[in-house]
Amino acid sequence: MKQYFNKSVEESTQDLDVNITQGLSTKDVEARKAKFGENALQGGKEKSMLEMALEQLKDFLVIILVVAAVVSIALGEALEGVVILAIVVLNTILGVYQENKASNALKALKEMASPHAKVLRNGKIEEIASKDVVPGDVVILDAGDYIPADLRLIESVNLKIDEAALTGESVPVEKDSSVILDDEASLGDRINSAYMGTVITYGRGRGLITNIGMETQMGNIANMLNTSTDEATPLQRKLDSLGKTLGIICIAICIIIFGIGWMRGDNMFDSFMNAVALAVAAIPEGLTVVVTVVLAMGMQKMVKVNAIIKRLSAVETLGSTTVICSDKTGTLTQNKMTIQKMYNGSEIFDVTGTGYSPEGNIVDEEGTIRNEDVARTLDIIVLCNDAKFNSSEESIIGDPTEGAMVVAAFKAGIDKDAIDAKYPRVQEIPFDSTRKLMSTVHDVDGKTLMYTKGAPDELLRRCDFVEISGEVIELSDEKREEILSVNQQFAENALRVIGAAYREVDDIHVSFDDEKHLVFTGLVGMIDPPREEAKDAIDVCKHAGIQVKMITGDHKITATAIGRQLGIVGDNAVAVEGREIDEMDDAQLREVVKTVNVFARVSPEHKVRLVDAVRDNGNIVAMTGDGVNDAPSLKHADIGVAMGITGTDVSKEAADMILTDDNFASIVNAVSEGRTIYSNIRKVVGFLLSCNIGEILVIFLAMIFGLPAPLVPIQLLAINLITDAFPAFALGMEKAEEGVMDQQPRDPNESIVDPVMRNSVIVQSIFLALGTLTSFLYGLYVHDSIEVAQTSAFLTIVLGELLRAYSARSEHVSIFKMNIFENSYLNKSVLVSVIFVFAAVFIPFMQPIFSTTTLQFDELAVAVVFAIIPLIGGEFAKRFAK
């Protein structure tokens, strides 16, 4: 896109070939429309439902399941095949449903564009649809208007534009059309330009359209949204890897079993069916559905900590977060300008209270209330002010800077409505960006006084006197230096400083020339203060091994000061600005993000580069934001977090999670929930794997020793889908274990089945197989019945897995140190599974379906006793798996 902020108005009009007094002609408009097209944002190609469904079916584990189902049906085992296919279909539907709810960010971005624009064409002002503006159009700008496209200002009168959504700037930007900027000026510093989607809050002006549609800054963001892709989350990658491993093991076992049968001269069909039985045993059919449901339940839990999760897998991703990149305004800060310091010409005072709360006072170093000592300054900044304050709702209407002044005065007992009525405004000289002052004239106790507020350096040039303790004295050079020194002190602490002064005038008809011989009364210093709870949340992050980085469009000094107050950086830390990022290549930036935690004056492209650099260092990144400018980086992060209250629709659609209270502390609470959910998913995976491997060992060992199959395929399927799956669901609902936020983040590259889990699964599988085979052998040799033996094995393995589920509630804590029956979901799941297995064994019409037979008392007792062995194995594994 061509830039004009570094050109003069004359150069811009010449380059765009337009007469700014007449505007474009109808002929010019048609020609440019044909050349440049419509002023609209374009979307990327959307996936069809069929493409989404086929993507779900690419999963290796799903392919194995489909093959197993087809083979089962082909061999006459229709029930097993249909059940397996039903699982595949259910999983595909869930996956497509989630993806179909994907980002509508571009749609929201389009809706942000201005619906209408006032343009000068053929010498006349016309109102047209914003989509019809073309480069070279002269646009008329008034307060309340949205900017229809990117433009170079050619006239500005007290013009202020709210660019928070685009740049993150916390206060409206004062614009000046006469300025020519250097080529390196960052987006937030381009005071001679305006950008699509931003809104005029004050003043008026005219602008020359320079870029439209996808060539605008907003179009640049739309393009980044189109090109960014949703990458697999850590959990998805780990489950995919696990699925491939299980699939390969499954195929290998089938080949080995079929080969053993062939070498022994067994019936080929029986050998093949045994191989299919093992395939069914090897694959945890319920795993994908259980994990999906556990994540869905996690979404519901997140709502309680003010977090709405849009993407299922984002629940777990939160738990593995190693770096949180946070926007400043509104997330770490309150987005409510607050006066914190006052100076009355001789002393500095603190102003207590934060935000728009009416609670607070003006106090000295000892904490003594000194409201009267700054009364004159407060009168001036309230009367020379257009903002309104609603103390009951703690809200303001008007400019945030002026709102902060009205709130500070209210704390000292000065109500704006009351003082306006007492000392009515009879004249005013509006603020403008050249003189940086605003003056109003009032009748005050029979005198006509002009109250002036504005930039301290400009104000002091017009002051000849200073009022101290009610006495007006001449402003000496020493006092002037003292005032400037206090101003510098405030500014170095990132405070925005406003000065106050007054004079008596002879006539209400004042002009710029009357803004001289003023009496200086004081300074006020304000800032958008940090959220009180954000500092505590950042401390929690430090304990949890999570780095916090602030990425903002605001100024370097402000960002560093807030970062220092929050504990993000130390006293001697430095921030990096956007223009410095431009000078770095990707390798240099990757090194910088390892040590720097505050980045200021950044553009949307910078934010994306920063997120990518942090991720390239092997981190799992959560990125927060509320503006349009944040949307691309929200998409690039492992988990994008948007603000629910102040966030734009664009950021909400691009994000994976929305905070309903815009509070950084809620992210940390959500991370804690995410860690708990991941821990529970580990319990589920460990439990299901040990069940499946135990089943494999039972059948494999039986075949090696020439025994009949202890379990038939339908029994294995029933175990996997009912008696394993229900307790697994319940394990996914476990409460957080103690100290979950005192642990370091897990290695993002570490397999979900780490060495500890692998050893634990092996130990538990051996104990499960041992108990089941012993029960099987008792039925086979004592009662000389294959039906009794298989039924005993079926009952033992089911009861063994149900008992072991109680041990699986923690990977580390012994069952004897737990409140065993605390998980009500598990109690209900075990009860349902016990009823099912006894029904399958003792109800006559279910016996043919599950190949069972009624057991005698001794057979039943043996099955129950040997079911305790897997529980012992579970506890043994906790102690020795490490």
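No experiment lies behind these values; they were computed from the predicted model shown.

**Some points on the overall build of the chain**
A count of helices and strands for the chain gives 34 helices and 27 strands. Along the first, second and third principal axes, the C-alpha atoms of the chain reach 120 × 70 × 45 Å. Of the roughly 36200 Å² of accessible surface on the chain, 55% is carried by carbon and sulfur atoms.

**As for the pattern of salt bridges**
Two side chains carrying opposite charge are able to pair once their charged atoms lie near each other. A complete count under the given rule lists 42 salt bridges for this structure. The shortest N-O distance in the salt bridge between arginine 370 and glutamate 347 comes to 2.6 Å. Residue arginine 370 is located in the loop between β12 (362-363) and α14 (375-383), and its partner glutamate 347 is located in the loop between β10 (338-343) and β11 (348-351); the two are separated by 23 residues in the primary sequence. If you follow the salt bridges from partner to partner, you end up with Lys33, Glu38, Lys131 and Asp132 in one network.

**Let's talk about the packing of aromatic side chains**
Applying the stated criterion to the full structure yields seven aromatic pairs. Ring centres 5.3 Å apart and planes at 80° place the aromatic pair phenylalanine 389 and phenylalanine 410 in the edge-to-face group. Linking phenylalanine 389 in strand β13 (residues 388-390) with phenylalanine 410 in helix α15 (residues 400-411), this pair joins segments that are 21 residues apart in sequence. Relative accessible area serves as the criterion here: at 16%, phenylalanine 389 is assigned to the buried category. Of the residues examined, phenylalanine 410 reaches a relative accessible area of 27% and is grouped as partly exposed. When the centroid spacing of 5.9 Å and the interplanar angle of 10° are considered together, the rings of phenylalanine 838 and phenylalanine 842 count as stacked. On the criterion of helical spacing, the pair formed by phenylalanine 838 and phenylalanine 842 is a turn pair, its members being four residues apart in helix α31 (residues 824-842).

**Notes on a nonpolar patch on the surface**
On the surface, a nonpolar cluster with roughly 380 Å² of combined accessible area is contributed by Leu79, Ile843, Phe845 and Ile849. Tracing the chain through its elements places isoleucine 843 in the loop between α31 and α32 (847-850).

**Overview of the nonpolar core**
Formed by 133 residues in total, the largest nonpolar core has its most connected members in Met302, Phe520, Ile568, Met657, Phe664 and Phe794. Take this core: its biggest share by element is 20 residues, from helix α26 (residues 664-704).

**Digging into the environment of alanine 575**
Tracing the sequence through the fold places alanine 575 in the loop between α20 (556-566) and β23 (576-577). For alanine 575, a relative accessible area of 5% corresponds to the buried category. Along the sequence, alanine 575 and alanine 600 sit 25 residues apart, while their C-alpha atoms lie 6.8 Å from each other.

**A closer look at the pairing of strand β19 (residues 471-474)**
Bridge analysis of strand β18 (residues 463-468) against β19 gives four bridges, and the strand direction is antiparallel. When the sheet's bridge partners are listed, isoleucine 468 is paired in β19 with glutamate 471. Two successive antiparallel strands, β18 and β19, enclose a turn made up of two residues, where serine 469 displays a positive phi of approximately 55°.

**Digging into the sheet that holds β23**
The sheet built from eight strands is open, its strands ordered β8-β27-β26-β25-β9-β22-β24-β23 with mixed pairing. Strand pairing shows two members of the sheet lacking a second neighbour, β8 (307-309) and β23, which therefore form its edges. Sitting on the sheet, helix α22 (residues 586-595) touches β22 (547-551), β23 and β24 (598-600), and the angle it makes with β22 is about 115°.

**A word on the state of the cysteines**
Enumeration according to the criterion identifies zero disulfides in this entry. The structure places no disulfide on cysteine 325, whose sulfur is separated from the nearest cysteine sulfur, that of cysteine 541, by 12 Å. A residue is classified by how much of its surface remains accessible, and cysteine 325, at 0% relative accessible area, is buried.

**Description of the packing of helix α30 (residues 786-807) against α31**
Relative to each other, α30 and α31 sit at 175°, their axes nearing to 10 Å. With respect to α31, the element α30 is oriented roughly antiparallel. Where α30 approaches α31, its residues Thr791, Phe794, Leu795, Val798, Leu799, Leu802, Ala805 and Tyr806 are matched on the opposing element by Leu826, Asn827, Val830, Ser833, Val834, Phe836, Val837, Phe838, Ala840 and Val841. Of the residues contributing to the contact of α30 with α31, the split by class is 15 nonpolar, three polar and no charged.

**A short note on a negative patch on the surface**
A cluster of acidic residues, Asp182, Asp183, Glu184, Asp582, Glu583 and Glu605, forms a negative patch on the protein surface. With respect to the helices and strands, the residue aspartate 183 is situated in the loop between β5 (173-174) and β6 (193-194). Classification of aspartate 183 as exposed rests on a relative accessible area of 56%.

**Here we look at the environment of glycine 779**
With respect to the secondary-structure elements, glycine 779 resides in helix α29 (residues 755-782). Considering only alpha carbons, one finds glycine 779 and alanine 793, 14 residues apart in sequence, at a separation of 8.4 Å. What glycine 779 contacts, discounting residues up to four positions off in sequence, is Asp784, Ser785, Val788 and Ala789.

**Notes on the environment of arginine 435**
With respect to the secondary-structure elements, arginine 435 resides in the loop between β15 (425-432) and β16 (437-444). What makes arginine 435 buried here is its relative accessible area of 6%. The spatial distance from the C-alpha of arginine 435 to the C-alpha of alanine 455 is 8.6 Å, given a sequence separation of 20 residues. Once you skip the residues sitting within four places of it in the chain, arginine 435 turns out to touch Ile429, Pro430, Glu458, Arg462, Phe512 and Glu515.

**Here's the deal with the side chain of threonine 521**
One can find threonine 521 in strand β21 (residues 518-527). Since its relative accessible area comes to 3%, threonine 521 is described here as buried. A polar side-chain atom of threonine 521 sits 3.0 Å from a polar atom in the side chain of threonine 377. Sequence-distant contacts of threonine 521, that is, excluding residues within four places in its chain, are made with Tyr343, Asn344, Gly345, Arg376, Thr377, Ile380, Glu467, Ala500, Ala501 and Tyr502.

**What to know about α30**
Helix length check: α30 (22 residues) gives 31 Å between terminal C-alpha atoms against 32 Å at 1.5 Å per residue, within 8%. When you tally the buried positions in α30, you get 19 out of 22 residues, the bulk of the element.

**Here we look at the packing of α30 against helix α33 (residues 857-866)**
Two numbers describe how α30 lies on α33: the axes approach to 8 Å, and their chain directions differ by 35°. Note that α30 runs across α33; the crossing there is right-handed. Only Glu859, Leu860, Ala863, Val864 and Phe866 of α33 make contact with α30, whose side of the interface consists of Val788, Ser792, Leu795, Thr796 and Leu799. By residue class, the composition of the contact of α30 with α33 is seven nonpolar, two polar and one charged.

**Quick look at the pairing of β16**
Of all the eight residues making up β16, seven are buried; the element is thus mostly covered by neighbouring parts of the structure. Across five bridges, the pairing between β15 and β16 is antiparallel. Looking at the pairing, isoleucine 429 lines up with serine 439 of β16. What sits between β15 and β16 in their antiparallel hairpin is a turn of four residues, with lysine 436 showing a positive phi close to 60°. In this structure, β16 lies alongside strand β17 (residues 447-454), joined through eight bridges in antiparallel fashion. Of the residues in β17, the one forming a bridge with histidine 442 is leucine 449. Count of turn residues in the β16/β17 antiparallel hairpin: two residues, of which aspartate 445 carries a positive phi of about 50°.

**Points about the side chain of arginine 601**
For arginine 601, the location among the structural elements is in the loop between β24 and α23 (604-616). Sequence-distant contacts of arginine 601, that is, excluding residues within four places in its chain, are made with Glu169, Ser186, Gly188, Asp189, Thr552, Gly553, Asp554, His555, Glu577, Gly578 and His606.

**Considerations on the confidence of the model for the chain**
Across the chain, the average pLDDT comes to 86, with 92% of residues at 70 or higher. Below a pLDDT of 50 lies the segment residues 101-114, which in the model reaches 34 contacts outside its immediate sequence neighbourhood of four places, other chains included.

**Some details on helix α18 (residues 477-492)**
Relative to the 22 Å expected for 16 residues at 1.5 Å per residue, α18 spans 22 Å between its end C-alpha atoms, a close match to the ideal helical length. Taken together, the buried positions of α18 are Lys479, Ile483, Val486, Asn487 and Phe490. Here the buried residues of α18 occupy an arc of 100° about the axis, which is enough to place them on one side. Facing away from the buried side of α18 by over 90 degrees, the exposed positions are Asp477, Glu478, Glu481 and Glu492. One or two residues past the end of α18 sits alanine 494, with phi positive at roughly 65°.

Reading guide: rules and limits
Numbering of residues begins from 1 in every chain and follows the order in which that chain's sequence is written. pLDDT decides what is reported in this predicted model: residues at 70 or higher carry local features, side-chain atom pairs at 80 or more are listed and counted, and totals for whole chains, interfaces and linings draw on all residues regardless. Computation of side-chain values: all heavy atoms of the structure, hydrogens and water removed. Working definition: helices are DSSP H or I runs of at least four residues, strands are E runs of at least two. Numbering for both runs from the N terminus. Per-residue accessibility takes into account occlusion by the displayed protein chains alone, with areas from the Shrake-Rupley method and a 1.4 Å probe. Take a side-chain nitrogen of Lys or Arg and a carboxyl oxygen of Asp or Glu: if they are within 4 Å of each other, that pair is a salt bridge. We call Phe, Tyr and Trp rings a pair once their centres come within 6.5 Å, taking the six-membered ring for Trp, and we label the pair stacked below 30 degrees between planes, edge-to-face above 60, and tilted otherwise. Burial status follows relative accessibility: with a 1.4 Å probe on protein chains alone, a residue under 20% of its type maximum counts as buried, one over 50% as exposed, and anything between as partly exposed. Like-charged residues within 9 Å of one another, or nonpolar side chains (Val, Leu, Ile, Met, Phe, Trp, Tyr) within 5 Å, are grouped into patches, provided each residue has over 30% relative accessible area and no salt bridge. The definition of a nonpolar core used throughout is a set of buried Ala, Val, Leu, Ile, Met, Phe, Trp, Tyr and Cys residues joined through side-chain atoms within 4.5 Å. Note: two strands are recorded as paired if DSSP finds a minimum of 2 bridges between them. Any pair of residues with heavy atoms lying within 4.5 Å of one another is described as a contacting pair. For helices, the axis comes from a line fit to the C-alpha atoms of the stretch in contact; other axes are also lines fit to C-alpha atoms, and the angle between any two N-to-C directions lies between 0 and 180 degrees. Cysteine sulfur atoms that come within 2.5 Å of each other are treated as a disulfide pair. Angle categories: roughly parallel below 35 degrees, roughly antiparallel above 145, roughly perpendicular from 65 to 115, and oblique for all the rest. Amino acids outside the nonpolar list (Ala, Val, Leu, Ile, Met, Phe, Trp, Tyr, Cys, Pro) and the charged list (Asp, Glu, Lys, Arg) are all regarded as polar, and Gly is one of them. Counted as positive: Lys and Arg. Counted as negative: Asp and Glu, with His and the chain ends omitted from the count. A single reference atom marks each charge: NZ on Lys, CZ on Arg, CG on Asp, CD on Glu. Residues adjacent in sequence count toward polar contacts only when both atoms are side-chain atoms; beyond that, a polar contact is any pair of N or O atoms within 3.5 Å, and within protein one must be able to donate a hydrogen and the other to accept it. What a helix is expected to span follows from its residue count: subtract one and scale by 1.5 Å. Whether a crossing is left-handed or right-handed is set by the direction in which the near helix is turned from the far one by less than a right angle, anticlockwise for left-handed and clockwise for right-handed. Confidence scores per residue from the predictor, reported as pLDDT, run from 0 to 100. Along the arc lie the directions from the helix axis toward the C-beta atoms.

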